[in-house]
Amino acid sequence: KSTPRSRRPTDEELHDLIEYLTAQDERSEIKVVPCLMFALSSTRRRGEICRLQWGDVDFEKRTYMIRDVKHPTKKKGNHKTFALFDELAAIIKAQPRLTDQPTERVFPYNDKSLGARYTLAKKALGIVNLRWHDNRREAISRWLARGLPPHKVRQISGHENTIILERVYDAPNPEDLHADIARL
């Protein structure tokens, strides 16, 4: 088994990354900031973001579908529909559309190239031991911290059950329990 990770980006690291990448995005074909913002709100993985097609976004129903969502046993055909929150809709609508084809990708990038740009930004900023996937942990943890029950967060993250959410993403920091107790 792989070693479990608990790393999450700090607010300062996210601020620095977004500021740095915004400047980089101005002269690059790969726009990392919209993908990162989408990841931090949706909990989507890098590859899932890059697979999102315009035809899979339904602004009227306020949903979007991701094809072939990661699953331990179902490698193909595991399509899932998720809620299209207002901030996600705004990010999607801000992306340029080149054709009217429903198969055109919203974020038409190779996910490895997106990851490489992210890695170069971290290196330039001196951020160590942070991976793109740690943004998924951050997004899920934020949803849980807002008080959304795990069974609702599961619908956002795409997890089959709440076991992983409770064991991995909602692992509380003992110092955070003081604030929870004070609220009670």
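In what follows, the structure referred to is the one given above.
Residues numbered from 1 in each chain as written. Predicted model: local features only at pLDDT ≥ 70, side-chain atom pairs only at ≥ 80, totals over all residues. Heavy atoms only, no water.

1. With respect to the sheet that holds strand 1 (residues 57-58)
Going by this rule: Two strands form a pair only when DSSP identifies at least two bridges running between them. Helix and strand definitions here come from DSSP, where helices need a minimum of 4 consecutive H or I residues and strands a minimum of 2 consecutive E residues; each element is numbered from the N-terminal end.
Here we have three strands laid out as an open sheet, ordered 1-2-3, and antiparallel in their pairing. This sheet does not close on itself; its edge strands, each paired only once, are strand 1 and strand 3 (80-83). Pairing of strand 1 with strand 2 (residues 63-66), which is carried by two bridges, proceeds in the antiparallel orientation. Residue Val57 lies in a different strand from strand 2, and its bridge partner there is Tyr64.

2. Let's talk about the pairing of strand 2
The two faces of the sheet receive side chains in turn, since in a regular strand these alternate between them. Turn length for the strand 1-strand 2 hairpin, with the two strands adjacent in sequence and antiparallel, is four residues, and the turn residue Arg62 shows positive phi of about 60°. Pairing of strand 2 with strand 3, which is carried by four bridges, proceeds in the antiparallel orientation. Paired with Met65 across the two strands is Thr81, which belongs to strand 3.

3. Structural notes on the nonpolar core
We apply this condition: By convention a nonpolar core is built from buried Ala, Val, Leu, Ile, Met, Phe, Trp, Tyr and Cys residues, the set being connected through side-chain atoms within 4.5 Å. To sort residues, take the accessible area from a 1.4 Å probe on protein chains only and compare it with the maximum for the residue type: under 20% means buried, over 50% means exposed, and anything in between is partly exposed. The contact criterion used is simple: two residues touch if any of their non-hydrogen atoms lie within 4.5 Å.
In this structure, Leu21, Phe38, Leu52, Tyr64, Ile92, Phe107 and Trp132 are the most contacted members of the largest nonpolar core, which totals 34 residues. Elements represented by at least two residues in this core include exactly helix 1 (11-25), helix 2 (32-42), helix 3 (46-51), strand 2, helix 4 (86-93) and helix 5 (111-125). Looking at which element gives the most residues to this core, the answer is helix 2, with seven residues. Residues within four places of Trp132 in sequence aside, it is in contact with Val32, Cys35, Leu36, Ala39, Arg45, Arg46, Ile49, Leu114 and Tyr118.

4. Some points on the packing of helix 1 against helix 2
Put simply, the rule reads: The axes are straight lines fitted to the C-alpha atoms, using for helices just the contacting stretch, and the angles between their N-to-C directions are given from 0 to 180°. Three classes are used, and their members are as follows: Ala, Val, Leu, Ile, Met, Phe, Trp, Tyr, Cys and Pro are nonpolar, Asp, Glu, Lys and Arg are charged, and the others, Gly among them, are polar.
One way to put it is that helix 1 packs onto helix 2 with a least axis distance of 8 Å and a crossing angle of 145°. Across the interface between the two elements, Leu14, Ile18, Leu21, Thr22 and Asp25 of helix 1 pack against Val32, Val33, Pro34, Leu36, Met37 and Leu40 of helix 2. In the contact of helix 1 with helix 2, the residues fall into nine nonpolar, one polar and one charged.

5. Observations regarding helix 2
Along helix 2, 10 of the 11 residues are buried, which leaves the element largely enclosed by surrounding structure. If you check which residues of helix 2 are buried, you get Val32, Val33, Pro34, Cys35, Leu36, Phe38, Ala39, Leu40, Ser41 and Ser42. At the exit of helix 2 stands Thr43, carrying a positive phi of roughly 75°.

6. What to know about the pattern of salt bridges
Opposite charge on two side chains allows them to pair when their charged atoms are near. Put simply, the test is: Each salt bridge in this description consists of a side-chain nitrogen of Lys or Arg and a carboxyl oxygen of Asp or Glu lying within 4 Å of one another.
Throughout the structure, instances matching the rule amount to 13 salt bridges. Taking the shortest distance from any N to any O, the salt bridge between Asp111 and Arg46 comes out at 3.6 Å. You can see Asp111 sitting in helix 5 and its partner Arg46 sitting in helix 3, a full 65 residues away along the chain. Residue Asp111 is classed as partly exposed on the basis of its relative accessible area, which comes to 23%. A residue is classified by how much of its surface remains accessible, and Arg46, at 24% relative accessible area, is partly exposed.

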